[in-house]
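A look at the structure
These are the residues of each chain, in order.
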Amino acid sequence: MKFTQFLVFYGFCVSYSAFAEPPPTASPEALSLAGSVQAAQQKLVEGRLSQERLERALSEQEAASLRATESLRERDRAVIELRRQLSELQAAHASDSP
C-alpha cells in the first residue's frame, strides 16, 4: 500500500513539474517587433497631431487672406469714389473758370 501511494505521489510530482514550466519569455525579435509597433503608433499619433496643426494654420491663413482681399476691395471702392469726386470737382472748377 505504501508503495502504491509512493508511486501515485511520484507520478503526481513528475506530471506537475511537466505542466508547471515557466511561461516562455519573449524572444528578442518579438520585443523588437513590439517596439517597432509602438514606435509606428507613436509616429502615427504625431503625424495626426501635426496634420491637425497644419490644417488649423491653413484655415487661419485662408481666413486672413479673405479678410485682406475684402479690405483691398473696400479700398479700391474708396479710391474709385475719390477719383469720381475729384473728376466732378475738376469739371465744376473748369466750368466756373472764364
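Here the structure is shown first, and the text comes after it.
Residues numbered from 1 in each chain as written. Predicted model: local features only at pLDDT ≥ 70, side-chain atom pairs only at ≥ 80, totals over all residues. Heavy atoms only, no water.

Scanning the chain from terminus to terminus reveals 2 helices and 0 strands. Considering the chain as a whole, with its 98 residues, one finds that 0% of them fall into the buried category. Counting every atom, the chain has about 9300 Å² of accessible surface; 63% of that belongs to carbon and sulfur. (Helix = DSSP H or I, 4+ residues; strand = E, 2+ residues; numbered from the N terminus. Buried < 20%, exposed > 50% of the residue type's maximum accessible area, 1.4 Å probe, protein only. Areas by Shrake-Rupley, 256 points an atom, 1.4 Å probe, with all protein chains shown as cover.)

On to the pattern of salt bridges, then. Inspection of the entire model under this criterion finds 3 salt bridges. E88 serves as the salt-bridge partner of R84, at 2.3 Å between the closest nitrogen and oxygen. With R84 and E88 both in helix α2 (residues 28-96) and 4 residues apart, the pair spans about one turn of that helix. For R84, a relative accessible area of 38% corresponds to the partly exposed category. Sharing partners across several salt bridges, the network here consists of E81, R84 and E88. (Salt bridge = Lys/Arg side-chain N within 4 Å of Asp/Glu carboxyl O.)

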